[in-house]
Amino acid sequence: MSDEEKRIGVFICHCGSNIAGFIDVPAVTEYVKTLPDVVFATRNLYTCADDGLTSIKESIKEHKLNRVVVAACTPRTHAPLFQGTCQEAGLNKYLFTFVNIRDQCSWVHMKEKEKATEKAKDLLRMGVARARLLQAQDEVKVGVTSAAVVIGGGVAGMSAALSIADQGFPVRLVEKESELGGFVRNLSSVYQEREDAGALLKTIIDRVRSNPNIEVLLNSEVISADGFVGNYDIIIDTKGQERNDKVGVIVLATGTREYIPKGLYGYGQSPNIVTLTEFEKLVKERKLPKLSSVAFIQCVGSRGQDKSYCSRICCNVSLKNAMNLAENYKNMRGLEGTGAVVEAAAPKETPSEGGERRHGRRGRRGGAEESEEGGASEGPKLEIVIFNRDIMAYGVDHELMYNKAREKKVRLVRYTPKNIPKVSVDSGKLVIDYWHDTLQMQRRMTPDLIVLATPVTSQADAKEISMMLKVPLGQDGFFLEAHVKLRPVDFATDGIYVCGTCKGPADIPEAVSQGIAAASRASIPLARGFVQPEALSAFVDSEVCSGCGNCIEVCPFTAIRKNEHGKAEVTIAACKGCGNCGATCPENAIFMNNYSDEQLLAEAKAALQEAKG
Amino acid sequence: MSDFEPKIVVFLCNWCSYAGADLAGVSRYQYPTNIRAVRVMCSTRISAHIVLELFKEGADGVMVSGCHIGDCHYINGNLFTKRRVKLADDLLKLTGVEPERLRLEWVSAAEGEKYSQVITSFVKKVKELGPSPVLKDPKLVTRLGAAVMAAKYFRSKTLTCKEVKLTAKGNVYEEVIGPKEYDLMIERAIEDEYQKSLILTLSSQEARSVIELAKEIGQPTDRILEYVVALRAKNMLALDRIEGTTPRYRATIGGA
C-alpha cells in the first residue's frame, strides 16, 4: 500500500426527491466532511446529469482528488458512467467507489427519515473507508485468435455461424449429428403460413454450405476447451479423430430435445398416443392414420407436472397443427388412404354414465368450446379438441391464429391441474374422460389420435458441456445467461455466448434472432482484435504461496495453474474476480484486487462505528 | 428492549442478492434500517474469519447472501459459501455467541420481496436476542479471537475447499464421503483447531499452566495436555518456567 496522501472527494446525489425526499442529504454531506481523508464533499440534484459529471471532473482537478465516492442510486446501473468520468479527469477508474443510498436506502425506508439518514451516514463512512484502501489498477490488453467455434448446427447455431462468417471471421460449425438442422428436422411445417419446414431448413443449410468462411464438421463434438476470451484451445472429436484448434470465441447452440411423457396420459400404451413432435413426424412422413377425431392435450409434463416451467411454444404448435388438420387434412393424409378420409361427423362425444341431457343447451351458451355443432353443412368433418389449462398464444400473429382456430370449430376445453383429463386405452380404442368445467359435468370422448404437448427440455449432455466450458445451468437444466434482460446471450464468462433452445424454449424466429444476437456479441472481441478484462483479478504472492493447490481446485474458470516453481499463478484474462481462491488460500497469499480481506473488513467494520459528527 | 437498534452487516453477492436488494428498492418494499450491506463479487469471497472478525468487533448480526444453489454466477461458488458460513457457525457455537446472529440466505435477482422479508425477519430475530454481548465480555473477545485464528488455519481452509470434490467425486481411492460424514469430520477438526487457538491466545497473554488452561477453556486437563504437547512439537508453544512443580507455557507466535 502506497503512502501517498489520500484525498477523497464525495458526491452525494439528491436524485431529485428520490433520495433527498427520504434522507437529509445536507446533514449527510456535512457529516461526510468530518470523515478522515475527505477533502471535499458536495451534493448534486442529479450527479449523473451533465452538471453533476462536470462537477466531479472539475473537483478532481481543483481539489487534487485521488479517490472519488459517489453516493446515489446503484452501482449496477451507474458505476460505469462515473468511472468513465473519473477516467476523463485523469483518475484511474479503480479509485472510484459507489455508495448505494437510493435502491438500498431511501427507497426502502420511506417512512423513517431520521433512521434512513443515520443509515446513509453509516453507508458513506463505509464507502470512505473502502475508498481509502482502493488501489489503481491497470487493465492489460490481450490479443485474440480471430476465429469462432459454434457448437450445434440447428437454426440458432447456423444463424450465428452465418452472421459471424459474413463479418469475415472463420467459423467452425460443430454438429453432433450426421446432418445440419437440429430439432427443426423433426418438423413438418412451421407456422404461421404452414411453410414447409424442410424447405426453410434447406435455405439456411445451403447458405451455410456455400459460405467459404464456414467449416462444417458433422458427427463431431468439442470435447475440451481451455483458455479464456480471445484464446481458447479446443479439441474437436470427429468419429474418434481428434483435432486441436484455436479459437477466440465459443458460441453454444446445442439445442433441445422433447420431453418423453413416460407414464402420463397413457403414453406408450397405444401407437395412437403421440407427442407433438411425433405427430409432426407422422405428418412429415405422410403416415397419419385415418382420423375422425383428434385430441391435443397441453402442458403434459410441464408447468409443475414434472418440469416446473412453461415450454411456451407448444400452445402455438398445437394451434398450428389443429389449424392444419382443420383446413388441410385431405392433403396431409397418408397416400395409402383413398376416397372419403373422414367419417361422418356424428358427434363422438357423449356424456358419461349418469350425465344429464344438456346437449340442447350447449349451442346457445357461446364461447369457443361450445361450438362443435356448427358448420355441419360442410359435410364430413374432423373433430379437433385441445385440452388446455390456458392457451398462451403470445404475440400478434398467434393470437390471430387462435381466433381463426376458434372460427374453424377447433374446440378448446379447459382443465385444471387438480382435474386433468384421464386417458385410457380400451381394447385398442382411446378414451378420454374429463371434467367439463363450463358445463360442470363429467364427459367422455373417444378420439382416434391423442397428441401430447410436452415441453422441450435440456439436452442429455448439457451437464457435461457445462462442466467443460465452465458455464452455468439453471435449475431446469437450460444454460443460464449472464443477465436475463441486460445480457441475454452472454455467459458470465467472457468469450462464451449462448443462443437458441439450449437456454430455454424458443420458436424458430426467436432462435434465429438469438443466434444472430450471439454472433454479434461474439464478433466484438474478434473485430477489436484484443480484450481488456476488468482488473478485478486475484494475485498470488509467490513468496508466500506454498503451492498447496487449494486455489487451483476451487477456481471455477481454471484461471490458476502452477508455474515452473510449483507456485500458483493467475491467468489475469481468465480470472473473473469471484474470490473463491482468496477465501481458500491457507497462506493468505492470494490478494483480491480491491476486494481484499483488509478492504472488506475496513468497510464492514466502519458500519459498526457510531456516527457522531 | 424496544429501543435497541442492532447493527447488522450483510454481505451481498453482486449478481443475485445485490440485484435482489436493488429490486426491493425499485419495488419499494420497506424493511428495517438496521442493515449495512457490503457488496462482493461472489458470496464465496467471505471467509469464515471475516464473519467472526465482525462478531469480535461487536456486530449484532451478520448475514451472507448469495445466488440460489445452481444459479451461481461463478458456477459453484455458493457451494463453498455454504461451507464457509457453516464453519463460522460451528466456531460461533464454540465461543458461546448465539449462532442465530449469523444467517445464510439465497436471494436471486428477481426476489426483491424475499429480500425485504429476509431482512425483516432477521432484524426481528436479532432484536429478540438483544445487543451483542461480545464487547462487554473480554472472555468472548478472546474466544472470538481464537475462532478467527482457527478459521484461518490450513486444515480449516483445506477441508472447506475440498468438500465439493470429496463429497461428489470422492478421494484418490474413489471413496465418496457423505455430506453428514463430512460435517462431522469438519466439526471435529474445527473443534481441535479452536481449542489449540484458544490455548495459544490465552498463553500469549501470560504464561499458563495446563490446569489453568483447562479451567479457562472448560475442557478436561488430559485433553488440554494433548493439545499442549502437539503445539510444543510444532514449536508454537514453549516452556516459559516451572513454578514449584507446575510447568507454565507461553505461545511463541502471537495470539489474536
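Residues numbered from 1 in each chain as written. Chains lettered and ligands numbered in written order. Predicted model: local features only at pLDDT ≥ 70, side-chain atom pairs only at ≥ 80, totals over all residues. Heavy atoms only, no water.

Residue and element names in this part refer to chain A. Once the domains are mapped, chain A shows domain 1 (8-137), domain 2 (143-256 + 458-531), domain 3 (258-455) and domain 4 (534-593). Taken residue by residue, the interface counts 16 residues in domain 2 and 23 residues in domain 3. Here domain 2 and domain 3 share an interface that buries about 1,700 Å² over both sides, 51% of which is from carbon and sulfur atoms. At the junction of domain 2 with domain 3, the criterion picks out one salt bridge. A salt bridge links Arg312 to Glu510, with the nearest nitrogen and oxygen atoms 2.7 Å apart. (Domains from an automatic or database assignment. Contact = heavy atoms within 4.5 Å. Buried area = accessible area lost by both parts, 1.4 Å probe. Salt bridge = Lys/Arg side-chain N within 4 Å of Asp/Glu carboxyl O.)

This part is about the environment of Lys113 of chain A. All names here are of chain A. Along the chain, Lys113 falls in helix H5 (residues 113-132). You can call Lys113 partly exposed: its relative accessible area is 42%. Along the sequence, Lys113 and Ala519 sit 406 residues apart, while their C-alpha atoms lie 49 Å from each other. Excluding residues that lie within four positions of it along the chain, Lys113 makes contacts with Ala20, Gly21, Phe22, Ile23 and Asp24. (Helix = DSSP H or I, 4+ residues; strand = E, 2+ residues; numbered from the N terminus. Buried < 20%, exposed > 50% of the residue type's maximum accessible area, 1.4 Å probe, protein only.)

Residues and elements named next belong to chain B. The N-to-C vectors of helix H5 (residues 138-152) and helix H7 (residues 179-205) enclose an angle of 125°; their axes lie 8 Å apart at closest approach. It follows that H5 is oblique to H7 by the angle criterion. By crossing handedness, the relation of H5 to H7 is classed as right-handed. Every residue of H7 that contacts H5 at Thr142, Arg143, Ala146, Ala147, Met149 and Ala150 is listed here: Glu193, Tyr194, Ser197, Leu198, Leu200, Thr201, Leu202 and Gln205. Residue composition of the contact of H5 with H7, by class: eight nonpolar, four polar and two charged. (Axes fitted to C-alpha atoms, helices over the stretch in contact; angles between N-to-C directions. Parallel < 35°, antiparallel > 145°, perpendicular 65-115°, else oblique. Left-handed = near helix turned anticlockwise from the far one by under 90°. Nonpolar A, V, L, I, M, F, W, Y, C, P; charged D, E, K, R; others polar.)

The nonpolar side chains of a soluble globular protein tend to be buried with one another. Val10, Val32, Val68, Ile101, Leu124 and Ile164 of chain A together with Phe11 of chain B are the most contacted members of the largest nonpolar core, which has 172 residues in total. Once you skip the residues sitting within four places of it in the chain, Val32 of chain A turns out to touch Val10, Ile12, Val38, Ala41 and Leu124 of chain A. (Core = buried A, V, L, I, M, F, W, Y, C linked by side-chain atoms within 4.5 Å.)

A separate point is the pattern of salt bridges. Per the stated rule, a full pass over the model turns up 58 salt bridges over all chains. Lys202 of chain A is the salt-bridge partner of Asp206 of chain A, the closest N and O atoms lying 2.9 Å from each other. You can see Asp206 of chain A and its partner Lys202 of chain A sitting in helix H7 (residues 197-210), four residues apart, about one turn around the helix. The exposure class of Asp206 of chain A is partly exposed, given its relative accessible area of 36%. In this structure, a network of salt bridges that share partners links the residues Glu212, Asp240, Arg241, Glu243, Arg248 and Arg250 of chain B.

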